[in-house]
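Per-entry structural report
In case you want the letters, here they are:
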Amino acid sequence: MGFFSNLLHIPQLGASASQKEIAEFKKLDYFKHNRFVNPVETMMTPPPAKIMWDFAFRKENRYPSAPIPSIAPNHEEYNQAVSNEFPVSSWLGHSSIFLNMAGLNILIDPVFSKRASLFSFLGPSAFPYSSPISLSNFPNIDLALISHDHYDHLDYHTIKQLKSTHFIVPLGVGAHLRTWGIQKDKIIELGRWQETDFKSLKITLTPTRHFSGRGLKDRFKSLWGGFALKGDDKNVFFSGDSGYFQGFKEIGKRLGPFDLAFIENGQYNKYWSNIHMMPEETALVGEDIGASYVVPVHWGKFSLSLHSWYEPVERFLKASNSYSYKTLYPLPGAIISPADRNNYWWRNNLFSR
């Protein structure tokens, strides 16, 4: 029996919170019936069978037919980079971000594996990049922020390479990290709207409308959220995954305005619009939170829905023209610049298949 138990043990699944932790969760008004709940009612129903069939077999335009142009970051460029309007940062594809803020090197939702999946041989595979991006491209990482435990945001193989890093995560996500070898004293777990000081940064876990889970039995067992990062002179927002809700306006009132915002924009469908925003809603969020600059993320690396790989950014570009903030479209891996406002790089070669 022990042999089969070990054979079936898959470390990538992570672990569950302890009974002691769950007892503390039960004191929260957003933990009910042994699971976390969304800030507003959020219906989640399985999509029709046709959608699942299309997802498995309809490939046209969902994948680029040539490597996406990208820039492999290097330590020296980050050390020399200066930005007056917002912190030095890079979008790394999908929702992975590098950020240098208040003298700290920060990764947000770092995923450097080939697949966003439980398995290395099955599941959504990363688009090819002209210059592959890995952890070795970055200076020593002081802090990693994880928005929730889905495979396209929390990557086992990446975490295993960050053992000397400190982590800030939503409640319950720390159990995954501890079972993967991260020391308990390097993990800070936050509840909804809870804040912590990390050196000279104030970091707040903001509410989102989404869900969690890495296996068949742990859905809603850990919390999900976004992050607001406030330094002495700069303020940054990372939305995490979310359906649209009025909570974004509250985030803007309580924690904004923001110099720079990374907002989810991709992998949407009308059948799961309660948990992933449409691009027009993403554009509205930039206005709700009072952002000066917005980078649309959650696209450009994995195909997790049926839209073309470039549709999210095209729809967002059109919708964002109605709002006061400036939108940036950096190449994956490039140091973000205000000049990225007019950089429509994906149009130069609409490679798709």
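Structural data are supplied above this passage.
Residues numbered from 1 in each chain as written. Predicted model: local features only at pLDDT ≥ 70, side-chain atom pairs only at ≥ 80, totals over all residues. Heavy atoms only, no water.

1. Let's talk about the overall build of the protein chain
Assigned secondary structure in the protein chain consists of nine helices and 15 strands. Relative to the compact-globule value of 20 Å for 353 residues, the protein chain shows a C-alpha radius of gyration of 19 Å, a close match. Along the longest, intermediate and shortest principal axes, the C-alpha atoms of the protein chain span 60 × 50 × 40 Å. A buried classification covers 56% of the 353 residues belonging to the protein chain. Across the protein chain, contacts joining residues at least 24 apart in sequence account for 69% of those joining residues at least 6 apart. Accessible surface for the protein chain amounts to roughly 15,700 Å². Of this, 52% is attributable to carbon and sulfur atoms. Of the charged side chains in the protein chain, 37 are positive and 32 negative; the average position of the first set lies 6 Å away from that of the second. (Helix = DSSP H or I, 4+ residues; strand = E, 2+ residues; numbered from the N terminus. Rg over C-alpha atoms; globule rule 2.2 N^0.38 Å. Buried < 20%, exposed > 50% of the residue type's maximum accessible area, 1.4 Å probe, protein only. Contact = heavy atoms within 4.5 Å. Areas by Shrake-Rupley, 256 points an atom, 1.4 Å probe, with all protein chains shown as cover. Lys, Arg positive; Asp, Glu negative; His and termini not counted. Charge placed at Lys NZ, Arg CZ, Asp CG, Glu CD.)

2. Here's the deal with the sheet that holds strand E8 (residues 187–190)
Taken together, the six strands give an open sheet; going across it, the order is E3-E4-E5-E6-E7-E8, and neighbouring strands pair in mixed fashion. The sheet terminates laterally at strand E3 (88–91) and E8, the two strands that pair on one side only. Averaged over all pairs of adjacent strands, the angle between their axes in this sheet comes to 20°, without regard to strand direction. (Pairing = 2+ DSSP bridges. Axes fitted to C-alpha atoms, helices over the stretch in contact; angles between N-to-C directions.)

3. Some thoughts on the sheet that holds strand E10 (residues 201–206)
Either a parallel or an antiparallel arrangement is found when strands of a sheet pair, and the pairing is made through backbone hydrogen bonds. Pairing is mixed across the open sheet formed by seven strands, whose spatial order is E9-E10-E11-E12-E13-E14-E15. Bordering the open sheet on either side are strand E9 (195–198) and strand E15 (326–327), each of which pairs with just one other strand. Here strand E13 (residues 258–264) runs beside strand E14 (residues 291–297); their pairing, made up of six bridges, is parallel. Paired with Phe-258 across the two strands is Ala-291, which belongs to E14. Across the sheet, helix H8 (residues 279–288) is in contact with E13 and E14; its angle to E13 comes to roughly 160°.

4. Topic: helix H9 (residues 311–320)
If you check which residues of H9 are buried, you get Pro-312, Val-313, Phe-316, Leu-317, Ala-319 and Ser-320. As for H9, its buried residues are in contact with H8, E14 and E15.

5. Some points on the packing of aromatic side chains
The description of two aromatic rings rests on the distance between their centres and on the angle between their planes. As enumerated under the stated definition, the model contains 28 aromatic pairs in all. Plain terms: the ring middles of Tyr-78 and Phe-98 are 4.4 Å apart, the flat faces sit at 45° to each other, and that makes the pair tilted. Note that Tyr-78 is positioned in helix H4 (residues 75–80) and Phe-98 in strand E4 (residues 97–101), a separation of 20 residues in sequence. An aromatic cluster is defined as three or more aromatic residues linked by ring pairs; in this entry it consists of Trp-91, Trp-299, Trp-309, Tyr-310, Tyr-329, Tyr-344, Trp-345 and Trp-346. When the ring centre of Tyr-151 is taken as reference, the NZ or CZ atom of Arg-214 above it lies at 4.0 Å. Just above the ring of Trp-193 sits the side chain of Arg-254; from NZ or CZ to the centre is 3.7 Å. (Phe/Tyr/Trp six-rings, centres within 6.5 Å; stacked < 30°, edge-to-face > 60°. Lys NZ or Arg CZ within 6 Å of the ring centre and 35° of its normal.)

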